[in-house]
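# Summary of structural features
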Amino acid sequence: MNSSTPGFTNPDTPIDERVDALIEVMTLSEKLAQLGSVWAFGLLNESGLDSAKAAKVLKDGLGHVTRIGGSTNLDPAETVRIGNEIQRYLIDETRLGIPAIFHEESLHGFVGAGAVVYPMAIAMASSWDPELVEEVQAAIGKHVKAVGGHHTLSPVLDISHDLRWGRIEETLGEDPYLASEIGGAMVRGLQSAGITATAKHFVGHGAPEGGRNRGPVHISPRELRDEYLYPFEVAVRRDGVRSVMHAYNDLDGIPAVANSWLFNDVLRGEWGFDGVVVSDYNGIEELLTSHAVVEDFGEAAERALKAGIDIELPETAAYGDPLRAVIEAGRVTEQDVDRAVRRQLTAKFAAGLFESPFTPEPAKSAIAVEQQRALAKRTASQSMILLVNDGTLPLVPPPTIAVSGPAAESFRNLLGGYSHQAHLESLIEQRDAHNPFGLSVPEQLVAAGSESVANANTMTFLGALAGALPDAEIRFAKGVELNDHNKDGIAEAVGHASISDLAIVVVGDRSGLTDDCTCGETRDMCDVGLPGEQETLIEAVKATGTPTVVVVISGRAPVLSDQAVSVNALLHAWGPGDQGAAAIVEVLLGSAEPGGRLPISVPLHVGQLPVHYRHRPSGGRSHFKGDYIDMSDQPRWRFGYGLAYTEFSIEDLQLETAEVPVDGHVRASVKVTNTGSRPGSEVVQFYARDMAASVTRPVKELVGFSRVHLEPGESAMVALTLPAGFLAFTNVDHQRVVEPGRHVLYAGHASNNLPAQQDFTLIGETRLVPDRTTEHPRVQVEI
């Protein structure tokens with residue numbers, strides 16, 4: 001380093017003193033540079049760091065480098081080499097030698113060449129297994145760390161009830177408690193590897209008007225507090241997440257990126273968050289381009305900075321010269337800038353970047369691809385949801401099998417929208433077409449097309465089935481394409497099915513951001529059934545009378561017709577990742593069990609949306625008879641639903657006491673027994689209802705759950721310790737309180753299948769609960 005200031009170069013000096021000493025010697029240009037970023041490929045040529053580009057972009061330093069791995073097709077060793085070259089330039093060629101933070105994407109696997117693609121986020125939520133998810137995220141974090149990453153833009157903590165929204169696959173479902181448990185596991189796993197996790201999108205992004213991405217959000221203050229903010233609050237207060245990203249939407253007319261109440265009053269003031277807030281990509285610019293609440297980029301920078309947005313991603317636009325101009329005009333003070341710079345520098349010192357700025361050559365043990373693949377396959381099996389089964393599954397392998405459907409021979413359809421393949425496709429499309437980011441990507445750093453960038457270790461369903469059943473005769477006809485209305489191929493698929501012992505139809509969506517995708521960011525849909533003529537194919541194959549199994553590979557849970565769901569078996573696999581084909585086949589054959597339970601309700605018809613189990617007492621019905629005039633008001637499948645290959649009973653719910661002080665704990669236990677003939681797992685679910693609150697409350701709320709594996713005939717006691725404070729809500733005076741009164745505790749298999757229940761009463765005076773996250777349920781299993 002070229003500075004002789006011992007206050008910030010001495011690692012024994014406390015971090016806050018090092019930050020003070022560094023800020024004291026920084027120029028305004030150097031401070032602004034710390035608030036900005038650049039796409040990695042914007043610094044590169046075909047052989048590595050481009051010195052001319054670096055001299056222009058990095059002369060005053062840099063806050064973040066955007067996605068070396070995710071924006072190129074470099075292997076791990078090259079990714080590390082390029083990162084170290086950039087870091088070396090910053091340390092040797094800038095006045096203060098401040099290293100950069102490299103951020104990546106990793107929602108369901110590191111978004112980089114050769115990385116394992118895990119099941120998508122909503123699939124992880126379907127596992128209802130925080131320990132498994134934490135293990136997955138720790139493995140992902142180690143991979144990100146091994147290739148030079150310091151910060152990742154995950155997890156997504158948006159609550160969503162709307163299957164029209166394409167980004168539903170990125171979420172953890174409709175329930176704030178389940179999202180907080182799975183999301184918290186994601187944060188802990190990532191940060192255990194030394195990576196900064198980012199809770200996004202703060203807040204309301206999952207409830208856009210009309211299911212349209214980035215649309216306005218209409219959420220009441222009470223609903224915002226009790227539902228949408230809760231997973232973020234848990235991530236901050238309990239799990240210690242170190243970064244938060246704003247949402248694109250506006251909330252009550254105020255864009256989140258300019259909402260000082262959200263970031264300064266709630267996040268930092270009430271919750272005590274002391275990490276960094278990053279912008280979503282181009283989010284600050286959208287104050288001008290999407291929201292029309294500012295006249296220019298300078299005003300956008302002013303509003304975002306004052307609202308508490310510290311870092312602009314993915315590249316500097318508003319926080320460069322436009323921010324300088326409003327500072328010089330006196331509309332923003334240098335002290336405003338210093339607050340954000342202080343948070344950024346604190347993160348860099350805390351990460352040890354000043355002492356260890358370079359990444360060693362990645363060790364195979366750190367990336368551990370083979371171990372990750374085994375973990376990915378196990379996660380895929382546990383996240384798959386068996387929705388229909390008349391006993392056909394698990395299969396007794398028949399001599400002849402007819403396979404059809406557009407997802408049967410596609411490995412790309414197995415991968416979620418946050419795979420490296422999907423993101424490179426998007427970069428290529430944007431570069432070659434309208435190019436909104438002004439991308440200038442060296443051709444050598446990206447692949448030429450979507451299939452060529454797919455993970456070589458991804459097997460198709462058809463390949464996995466043939467490998468598992470080498471003696472079976474498998475007849476394949478695609479039948480239809482994913483998203484067109486040509487039915488000419490259906491006859492061949494029907495012909496195969498009519499002369500086979502079993503038919504398997506593999507259908508679904510393609511997740512990503514490109515125009516050929518039907519699910520993912522910007523891929524919103526009015527009709528949330530299967531795209532194209534896939535449902536027609538299912539009905540035609542079923543009509544042959546051959547036993548028919550349907551496998552759905554989709555980031556949505558598609559709304560299907562009565563005819564399409566009246567097949568012999570229906571397995572929803574989500575986007576199961578690059579080991580998903582093998583996992584699907586193992587589940588079908590019974591060597592693995594379908595372990596998933598729905599994290600979101602699935603309607604009968606798109607017109608029912610939004611539909612969710614936590615509705616208010618007057619919700620979920622159309623008139624006094626309860627139904628719409630043209631169909632039931634009930635969803636097809638409810639939150640928490642999922643079948644197993646065995647049967648379970650849940651009974652004998654016992655309370656330690658029926659009267660509990662408002663500052664006490666509800667202690668309960670319930671007996672679960674495997675009453676079937678196979679080993680299997682049940683997810684025991686506890687729900688509660690406040691029978692007479694001062695404001696309307698949900699008809700039930702999830703308050704605890706646990707996955708229990710039992711042998712045939714085996715039983716277990718599942719004990720719940722529920723702090724009364726967890727039942728707190730926002731009252732008429734907008735205070736979070738727990739009130740005395742009668743409640744019901746339920747235990748069972750799903751939100752609509754709760755055979756065990758007991759009443760209990762909270763006694764005492766109404767109590768304020770300033771921090772609900774300190775009063776968290778605990779579930780224990782004793783076999």
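Note that the structure is predicted; figures quoted are calculated from it, not measured.

### Considering the overall build of the protein
A tally of helices and strands in the protein yields 23 helices and 27 strands. In summary, the protein has a C-alpha radius of gyration of 27 Å against a globular reference of 28 Å for 783 residues, a match within 12%. Across its three principal directions, the C-alpha atoms of the protein cover 80 × 65 × 50 Å. The buried share of the protein, taken over its 783 residues, is 64%. In the protein, of all internal contacts separated by at least 6 residues, the share reaching a separation of at least 24 is 79%.

### Some remarks on the environment of H151
Among the secondary structure elements, H151 is positioned in strand β4 (residues 151-152). Along the sequence, H151 and A351 sit 200 residues apart, while their C-alpha atoms lie 9.7 Å from each other. Within the structure, the side chain of H151 is placed 2.8 Å from the side chain of T198, a separation counted as a polar contact.

### Describing the sheet that holds strand β26 (residues 767-768)
Taken in spatial order, the 3 strands of this open sheet run β22-β23-β26, and their pairing is antiparallel. The open sheet has two edge strands with one neighbour each: β22 (729-730) and β26. With 2 bridges joining them, strand β23 (residues 736-738) and β26 adopt antiparallel strand pairing. Paired with V737 across the strands is L768, a residue of β26.

### As for the packing of helix α8 (residues 176-192) against helix α10 (residues 230-237)
Two elements in contact, α8 and α10, have axes separated by 8 Å at closest approach and are oriented at 35 degrees. For α8 against α10, the interelement crossing comes out right-handed. Contact with α8, carried on its side by P176, Y177, A179, S180 and V187, involves Y230, P231, V234 and A235 of α10 and no other residues of that element. In the contact of α8 with α10, the residues fall into 8 nonpolar, 1 polar and no charged.

### A closer look at unusual backbone geometry
Of note, the amide linkage connecting L313 to P314 takes the cis form, showing an omega dihedral of 0 degrees. Checked against the element boundaries, P314 lands in the loop between α13 (297-307) and α14 (321-328). Backbone geometry places W128, a non-glycine residue, at a positive phi of 50 degrees. By secondary structure assignment, the location of W128 is in the loop between α6 (121-126) and α7 (130-146).

### Here's the deal with the pattern of salt bridges
Taken as a whole, this structure holds 47 salt bridges when the rule is applied. Of the charged contacts in the structure, one is a salt bridge between E521 and R167, with a shortest N-O distance of 3.2 Å. Of this pair, E521 sits in the loop between β13 (502-508) and α21 (534-542) while R167 sits in the loop between β4 and α8; the two residues are 354 residues apart in sequence, bridging distant segments of the chain. The residues E521 and R167 share a single accessibility class, namely buried. Connected through shared salt-bridge partners, D175, D226, E227, R614, R697 and E701 make up one network.

### Focus: the layout of surface pockets
In this structure, the second largest pocket encloses a volume near 570 Å³. Broken down by secondary-structure element, the contributors of at least two residues to the lining of the second largest pocket are α3 (28-34), β1 (37-39), α4 (51-57) and α14.

### A look at the side chain of Q608
Mapped onto the elements, Q608 comes out in the loop between α23 (580-589) and β16 (648-655). Here Q608 falls in the buried class, since its relative accessible area comes to 6%. Here Q634 takes part through its backbone oxygen, which lies 3.1 Å from a polar atom of the side chain of Q608.

### Examining the side chain of S706
Tracing the chain through its elements places S706 in strand β20 (residues 701-710). Assessed through its relative accessible area of 13%, S706 is described here as buried. Contact partners of S706, with chain neighbours within four places excluded, come to E682, V683, V684, V718, V779 and V781.

### Overview of the packing of aromatic side chains
Enumeration over the complete set of coordinates arrives at 14 aromatic pairs. Taking 5.3 Å as the distance between ring centres and 70 degrees as the angle between the ring planes, the aromatic pair formed by Y177 and F726 counts as edge-to-face. With a gap of 549 residues between them, Y177 in helix α8 and F726 in the loop between β21 (715-723) and β22 connect regions that are remote in the sequence. Taking the relative accessible area as the measure of exposure, Y177 reaches 5% and is therefore buried. Take F726: its relative accessible area is 2%, and that puts it in the buried class. Geometrically, the ring pair formed by F202 and F232 is edge-to-face, given 5.1 Å between the ring centres and 70 degrees between the ring planes. Residue F202 is located in strand β5 (residues 198-202), and its partner F232 is located in helix α10; the two are separated by 30 residues in the primary sequence.

### Re empty space enclosed by the protein
By the definition in use, this model includes 7 cavities of 30 Å³ or more. Here the largest cavity defines a volume of roughly 60 Å³. Forming the boundary of the largest cavity are A688, R689, D690, R697, P698, E701, L727 and H743. Here the lining of the largest cavity gets 3 residues from one element, more than from any other, and that element is strand β19 (residues 680-690).

### Notes on the packing of α7 against α8
Between α7 and α8, the shortest axis-to-axis distance is 7 Å and the interhelical angle comes to 35 degrees. Here α7 runs over α8; the crossing is right-handed. Only E181, I182, A185, M186, R188, G189, L190 and S192 of α8 make contact with α7, whose side of the interface consists of P130, V133, E134, Q137, A138, I140 and G141. Looking at side-chain class alone, the contact of α7 with α8 contains 8 nonpolar, 4 polar and 3 charged residues.

### Describing the confidence of the model for the protein
Here the protein shows a mean pLDDT of 93. Residues at 70 or above account for 95%. In this model, residues 1-5 is a region of pLDDT below 50 whose contacts with residues beyond four sequence positions or in other chains number 14 contacts. Here residues 434-439 is a poorly scored stretch, pLDDT under 50, and it has 11 contacts once near neighbours within four places are set aside; other chains count.

### Observations concerning the sheet that holds strand β6 (residues 243-246)
To summarise the sheet geometry, strands pair through backbone hydrogen bonds and adopt either a parallel or an antiparallel arrangement. An order of β5-β6-β9 is seen for the 3 strands of this open sheet, with the pairing classed as parallel. The sheet terminates laterally at β5 and β9 (276-278), the two strands that pair on one side only. If you compare each strand with its neighbour and ignore which way they point, the axes differ by 25 degrees on average. Pairing analysis gives 3 bridges linking β5 to β6, with the strands arranged parallel. By the bridge assignment, F202 is partnered in β6 with H246.

### Description of the environment of T72
With respect to the element layout, T72 can be found in the loop between β2 (64-66) and α5 (76-93). Overall, the relative accessible area of 0% leaves T72 in the buried class. A sequence separation of 39 residues divides T72 from V111, and the C-alpha atoms of the two residues are 9.9 Å apart. From its side chain, T72 meets the backbone oxygen of I68 in a polar contact 2.7 Å long. A distance of 3.3 Å separates a polar atom in the side chain of T72 from the backbone nitrogen of L74.

What counts, and at which threshold
Residues numbered from 1 in each chain as written. Predicted model: local features only at pLDDT ≥ 70, side-chain atom pairs only at ≥ 80, totals over all residues. Heavy atoms only, no water. Helix = DSSP H or I, 4+ residues; strand = E, 2+ residues; numbered from the N terminus. Rg over C-alpha atoms; globule rule 2.2 N^0.38 Å. Buried < 20%, exposed > 50% of the residue type's maximum accessible area, 1.4 Å probe, protein only. Contact = heavy atoms within 4.5 Å. Polar contact = N/O pair within 3.5 Å; in protein donor to acceptor, adjacent residues only side chain to side chain. Pairing = 2+ DSSP bridges. Axes fitted to C-alpha atoms, helices over the stretch in contact; angles between N-to-C directions. Left-handed = near helix turned anticlockwise from the far one by under 90°. Nonpolar A, V, L, I, M, F, W, Y, C, P; charged D, E, K, R; others polar. Salt bridge = Lys/Arg side-chain N within 4 Å of Asp/Glu carboxyl O. 1 Å grid on protein atoms, 1.4 Å probe; cavity = no way out; pocket = protein on both sides within 12 Å on 5 of 7 lines; lining within 4 Å. Points joined across faces, edges and corners; volume = space filled by probe spheres on them. Phe/Tyr/Trp six-rings, centres within 6.5 Å; stacked < 30°, edge-to-face > 60°. pLDDT = per-residue confidence, 0-100.

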